Structure formats: structure tokens, C-alpha cells
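Close look at the chain arrangement
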2 protein chains.
Amino acid sequence: MQICKTISETRAAIAQARQAGQTIGFVPTMGALHQGHFSLVSQSCAQCDFTVVSIFVNPTQFGPNEDLNAYPRTFDADCQGCQKLGADLIFAPSAAEMYPKPNLTWINVEKLTEHLCGTSRPTHFRGVCTVVAKLLNIVQPDRAYFGQKDAQQLAVIQRMVADLNFPTTIVPCATVREEDGLAMSSRNAYLSHEQRRLAPVLYQTLQNAAELIKQGNTNATDIIAAMTEKITTQTPGQIDYISIVDKELLHPVATIEAPVLIALAVRIGKARLIDNIVVDPS
Amino acid sequence: MQICKTISETRAAIAQARQAGQTIGFVPTMGALHQGHFSLVSQSCAQCDFTVVSIFVNPTQFGPNEDLNAYPRTFDADCQGCQKLGADLIFAPSAAEMYPKPNLTWINVEKLTEHLCGTSRPTHFRGVCTVVAKLLNIVQPDRAYFGQKDAQQLAVIQRMVADLNFPTTIVPCATVREEDGLAMSSRNAYLSHEQRRLAPVLYQTLQNAAELIKQGNTNATDIIAAMTEKITTQTPGQIDYISIVDKELLHPVATIEAPVLIALAVRIGKARLIDNIVVDPS
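Being a predicted model, the structure only gives us computed values, none of them experimental.

Analysis parameters
- Residues take numbers from 1 onward in each chain, read along the sequence in its written order.
- Ligands are numbered from 1 and chains lettered from A, in the order in which they are written.
- Restriction of local features to residues with pLDDT of at least 70 applies here, the model being predicted, together with a cutoff of 80 or more for giving and counting side-chain atom pairs; totals for whole chains, interfaces and linings are based on all residues.
- Contact definition: two residues whose C-beta atoms, as placed from backbone geometry, lie within 7 Å.
- Each helix is a run of DSSP H or I of at least 4 residues and each strand a run of E of at least 2, with the numbering of both proceeding from the N terminus.
- Classification used: nonpolar for Ala, Val, Leu, Ile, Met, Phe, Trp, Tyr, Cys and Pro, charged for Asp, Glu, Lys and Arg, polar for all others including Gly.
- At least two DSSP bridges between two strands are needed for those strands to be called paired.
- Alignment of copies: least-squares fit on C-alpha atoms of residues with pLDDT of at least 70 in both copies.
- To form a nonpolar core, buried Ala, Val, Leu, Ile, Met, Phe, Trp, Tyr and Cys residues must be joined through C-beta atoms within 7 Å.
- The burial criterion counts other C-beta atoms lying within 10 Å of a residue's C-beta, which is placed from the backbone; the residue is buried at 20 or more, exposed at 12 or fewer, and partly exposed between these limits.
- Throughout, an axis means a line fitted to C-alpha atoms (over the contacting stretch in the case of helices), and angles, computed between N-to-C directions, take values from 0 to 180 degrees.
- The scheme is simple: roughly parallel for angles under 35 degrees, roughly antiparallel for over 145, roughly perpendicular for 65 to 115, oblique for anything else.
- By convention the crossing between two helices is left-handed if the near helix lies anticlockwise of the far one by an angle smaller than a right angle, and right-handed if it lies clockwise.
- Note: domain ranges come from an automatic or database domain assignment.
- A residue's pLDDT is the predictor's confidence in that residue, given on a scale from 0 to 100.

1. Here's the deal with the interface of chain B and chain A
Listed per partner, the contact involves 23 residues of chain B and 23 residues of chain A. Breaking the side of chain B that touches chain A down by element, the ones donating at least two residues are strand E5 (105-109), helix H6 (124-139) and helix H7 (151-163) of chain B. Here the element with the most residues in the side of chain B that touches chain A is E5 of chain B; it accounts for five residues. A class-by-class count of the residues in the side of chain B that touches chain A yields 12 nonpolar, six polar and five charged. In this structure, strand E5 (residues 105-109) of chain A lies alongside E5 of chain B, joined through five bridges in antiparallel fashion.

2. Digging into the relation of the copies chain B and chain A
Least-squares fitting of chain B to chain A yields an RMSD of 0.0 Å, with the transformation described by 0.0 Å of translation along the axis and a rotation of 180°. The superposition operator between the copies reduces to a two-fold rotation axis. Relative to the rotation axis, the C-alpha of Ile107 of chain B is the closest in chain B, positioned 2.3 Å from it. Interface residue correspondence from chain B to chain A reaches 100%, placing this contact among same-surface, isologous pairings.

3. Describing the nonpolar core
Ranked by size, the top nonpolar core spans 156 residues in total, and within it Cys129, Val156 and Leu202 of chain A together with Cys129, Val156 and Leu202 of chain B carry the most contacts. Setting aside residues no more than four positions away along its own chain, Val156 of chain A makes contact with Val109, Leu112, Thr113, Phe125, Val128 and Cys129 of chain A.

4. Comments concerning the packing of helix H9 (residues 201-214) of chain A against helix H10 (residues 220-234) of chain A
Residue and element names in this part refer to chain A. H10 packs onto H9 with a crossing angle of 155° between their chain directions and a minimal axis gap of 10 Å. With respect to H10, the axis of H9 lies roughly antiparallel. Handedness of the H9/H10 crossing: right-handed. Between H9 and H10, the residues in contact are Val201, Leu202, Thr205, Asn208, Ala209, Leu212 and Ile213 and Ile223, Ala226, Met227, Lys230, Ile231 and Gln234, respectively. Taken together, the residues that form the contact of H9 with H10 break down as nine nonpolar, three polar and one charged.

5. Some thoughts on the domain arrangement of chain A
Residues and elements named next belong to chain A. Along its sequence, chain A is organised into domain 1 (2-173) and domain 2 (186-277). A straight line from the C-alpha centre of domain 1 to that of domain 2 covers 26 Å. Listed as interface residues are 15 residues of domain 1 and, on the opposing side, 16 residues of domain 2. Counting residues per element, the ones that place at least two in the side of domain 1 that touches domain 2 are helix H5 (117-120) and helix H7 (151-163). For the side of domain 1 that touches domain 2, the class distribution of residues is eight nonpolar, five polar and two charged.

6. A few points about the confidence of the model for chain A
Looking at chain A as a whole, the pLDDT averages 97, with 100% of positions reaching at least 70. At the level of chain-chain contacts, confidence expressed as ipTM amounts to 0.96, with global pTM at 0.97.

7. Let's talk about the sheet that holds strand E8 (residues 238-246) of chain B
All names here are of chain B. In spatial order, the strands read E8-E9-E10; together these three strands make up an open sheet with antiparallel pairing. Looking at which strands have only one partner, the edges of the open sheet turn out to be E8 and strand E10 (271-279). Taking each pair of neighbouring strands and ignoring which way they run, the sheet shows an average axis angle of 10°. Pairing analysis gives eight bridges linking E8 to strand E9 (residues 260-268), with the strands arranged antiparallel. Pairing of Ile244 across the sheet is with Ile262, part of E9.

8. Notes on the environment of Val131 of chain B
Residue and element names in this part refer to chain B. Along the chain, Val131 falls in helix H6. We classify Val131 as buried; it has 23 C-beta atoms within 10 Å. The spacing of Val131 and Ala32 is 99 residues in sequence and 18 Å in space, taken between C-alpha atoms. With residues up to four places along the chain from it excluded, the contact list for Val131 reads Asn58, Thr60 and Gln61.

9. What to know about unusual backbone geometry
One non-glycine residue with positive phi stands out, namely Leu250 of chain A, at about 60°. Position of Leu250 of chain A among the secondary structure elements: in the loop between strand E8 (238-246) and strand E9 (260-268). Notably, Lys111 of chain B is not glycine yet its phi reads approximately 60°, a positive angle. Note on placement: Lys111 of chain B falls in the loop between E5 and helix H5 (117-120).

10. Observations concerning the environment of Asp67 of chain A
With respect to the helices, strands and loops of the structure, Asp67 of chain A is situated in the loop between strand E3 (50-55) and helix H3 (75-85). Considering only alpha carbons, one finds Asp67 of chain A and Glu97 of chain A, 30 residues apart in sequence, at a separation of 21 Å.

11. Brief notes about the packing of helix H2 (residues 35-47) of chain B against helix H3 (residues 75-85) of chain B
Residue and element names in this part refer to chain B. Contact geometry of H2 with H3 gives a least axis separation of 9 Å together with a crossing angle of 30°. Regarding H2 and H3, the two cross each other, and that crossing is right-handed. Across the interface between the two elements, Phe38, Val41, Ser42 and Cys45 of H2 pack against Gly81, Cys82 and Leu85 of H3.

See below:
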């Protein structure tokens, strides 16, 4: 497994694989890899001849008061984990390699970024879209793997790739959870022992909401009220949002008649945790 | 020479050329091709094994009161001209092929789009950037050819390609002029005989400005005043702008100490004509 710090080395190595007729799989990450990331790497290695994992804590997707500097960095363990699974190349550029000049070019996906995390993180998705476009142009993968845990990110990237005709297939991958249901996240590392014990309530709340819908409750306000109550009483978390939105444009729905995305963001201690579930009422 | 109306046919044909080890050159156009466009096609054919010319009047770069519907269309002559020069493929999609859904993803290049044409055409460059990104992702060329006549467009595209790491080299090509100096443009077709006779004053004005700078005049306001006077007295044109800007970020300069771009846009009858010149004071 090669570890490349520069764009030119990375391009040269991938061009060689491409010339040998290999298909290219790509897993973009910010490092601090957990089983969720590793499931993406495994899937890429199973479906593609040559798997590239990028490790880059992208400054342009963090807001001014967010956790850019605190974001966990575990580079050596990340590389070992990827190598064990059969990844072929780690692309780990510096910020100066990725942004040699002040970045003036931004990609914005309208509508899909208006709600959910877009409300409290207004510049987050343009940072994500811009860096993902850069990475897709550097790696030029046949397939790129994104986790369903970041449901809005996945939907936004899928729309960007479709609208801009990127020659890459986006492969959505199921959320990987701890045994008690907590969605794996690099930010779980911020939780104290007690906070970690209570964090699975978020997923239980999503499951309860799904149960209510399956029982025939179609009123989004009622379901959100029940979810709010559970999280408020059973955790010390501060709710950023709990939303029920349509699957394509991620706009809030009042009445649940078609498959919906139920998504939440809750601050527990220093961690802002997100999770979601797709529910089909039929 | 193949003529392809769909993205999938175009991708298949280019993939075949690529597999045969050919380099891909690309000339994006809105059709109504003139000697300026043909010079780009010739340059691509000379430098690349397989030349793709796109012909697409892109609706997203026209403002609500602009000339989208009136824009000249000469498809058969365009194809004949390209074939004669040795182009390999014409990509001529419909608007529905390029925008099958409402487009939600926009690329914006900051700073470089604030002045010059960006002032009177506020959504023009995001339309240009977005469609060029789409076309680059469809064609995946090694080199793409753009005329210096659209100097701001060229600078904006160069910055977008650099910022987003597109794997394409942008090749700037000199403006091609009529014998009397008028820059070739599809919009020259809108001029009456009398308007056409006076239109070369625009280029003469740029040359006069260059002369003033070469003589040691460094005051941008004085030079713009002289240019305004000449155009106002010698043509029926309405000046949209006359600007002297730095070459990288296209911001107005007060004192000319380094190479500058002198650019103008003037409405003569139904035609909004643009032209420019780069002047090095040293």
C-alpha cells in the first residue's frame, strides 16, 4: 500500500493502475477511522481493483466555532487498518497541497442544503461539495463510497455528481453501529463514559419514531414531539434538530405518506452527534 | 466525424479513443462558429489525437432579458467547418439532455466575477462555470481550448480548473479579428451594415489605450476617459463598461504598474460586443 502526500504522486500511481486496466474505488475520509469507514473500504476492495482512501481533515467544511483543531487524528492506525483490508493507496495531503491559493471556487447544491445540518452549519456543505469535487477530479474513481450515516451529505453529493455529470458512481453504504445501536462516528471519541452510556437513546428514538409510523401515525409534528420528549428526558443532550423530510430534496413534510428520512442532530457534551433512519409508511 | 446528441454516445466514443491511447482535445462552443472558433478547433486538431467540439447554446448562462432565443444557430455549417478541419466528434445535446432535472448545483468563482461582465450579467459566470464543469466531466479532455476574446471567461475557467483540480489543461488562444480589427463574434451577425462599419472603433480604442500606456501614462482614470470619449463620439454605441483590471483577480487598478487587462463591453444596436487587450507597461 502506497502512502502519497502529493496530488502528482497520487495521480501517477492511479494512472498506472488505470493503464493496467484496473477499476478505481475511492473512499474519502477525514481520518480517525472506525468500523463505519472500514466497511466502506471493504466494499470498495470487494468491488474495485484498486482502492484509494483519502485522509484529509478539510478546513473548508468546518465553521469558525467548530472542532477543526480538536478533530481526532489517528493517522498510523488509519493506515494500518486500510492496509489490512487491502486498500492500495492512501492519499493524505496537507491543507497547503489541497489549497495552495485562497480557494475562490465554490460548489453549492441548492434546496438539499437548506434544512437539517444546513441550518446550523451554513457553509458546511459548500465546503464538503468543493472538497469532494476536488478529490473526484484528483482520483477520477469509477466508484466512490459514502456512508448513509451522513444522510444529507450523501444526498447532496449524489445530486452534485448527477447535476455536474461526474463520471463516478456514488455507492451508498449502510450505517455501522455499536452493539448498543449508537452510530459509529469519529466524534464519539469526545463522549465521557456517562455520555457514551446514554448516547444510544438517539437511535432508540429513531426506532420508536419508525414504530409510530408503522402503526399508522402520519403526523410529523406529533412524531417529532414524541422524539423530543424522549431525548430531553433520557439524555443530557441539547437538540440541534429533529426533522422528518422527503427523501429527494430533504424538505420537511407535514404528513408522512411516502418514504421519509428522519434525521436528528444532538449535542451531548462536546460531541455533536447525528443519526437518521429511512422509514417507508406503506 | 461523428455527431452525437447524447451524453452516453459521446462518452462511449471518447472512451474508445482513449483506450486506443489517443489524447483528447475539446473546444466548447455555442455554435454559430466563425474563424475564431475554427482557430481553436485547428489548434486542438494539431495538438491532440481526437478533437471533440461541443455545440450547445447553454440557457443557464443567459439572463432573463438576454438573447437566448435570438442567438444565431447555424448547425449544418458548423459541422461542415469542423469536419473540414479534422474534428472527430461533435457533441450537440439538447437542453433536456444537459439538464434533465432542474439544476440545483452551481459553481461560483468569487472575486474574478465581480467586475467587467459580472456587473451587468450577475448570473452569467455561474452558468458558464456550471456548464463547462459538466462538459469537462462528460468529455474528460486532456486539453480544452478557450479564446482570449472572452478574457474574463478564460480567467474564470482557468481559476475554476485550478481550484477544483480538473485534470484538464486550459489552452488560451489569441483573439481572431476581421481585417479591420473587429474581434470575431457570433453576435456580430446582429449588426446592421452601418453599425458593422463603425464597430472596429472598439479595437482601435483599445490600441489607443495601449499606446497611451506605452507612452508612460499610468493613470487608469485618464485612459478610461480618453477611451470613453472616442467611443462616444465615433460610434452610436452605449458603453456597458470600460475597465482596466489586474490580470489575476480582475479587480480595477488605479495606477498601471504591472501588466493589465483593458476590457470593454459596448452595445451597438442589438449586439453587445466585448473586446480586450493585455498591456504590459514595462
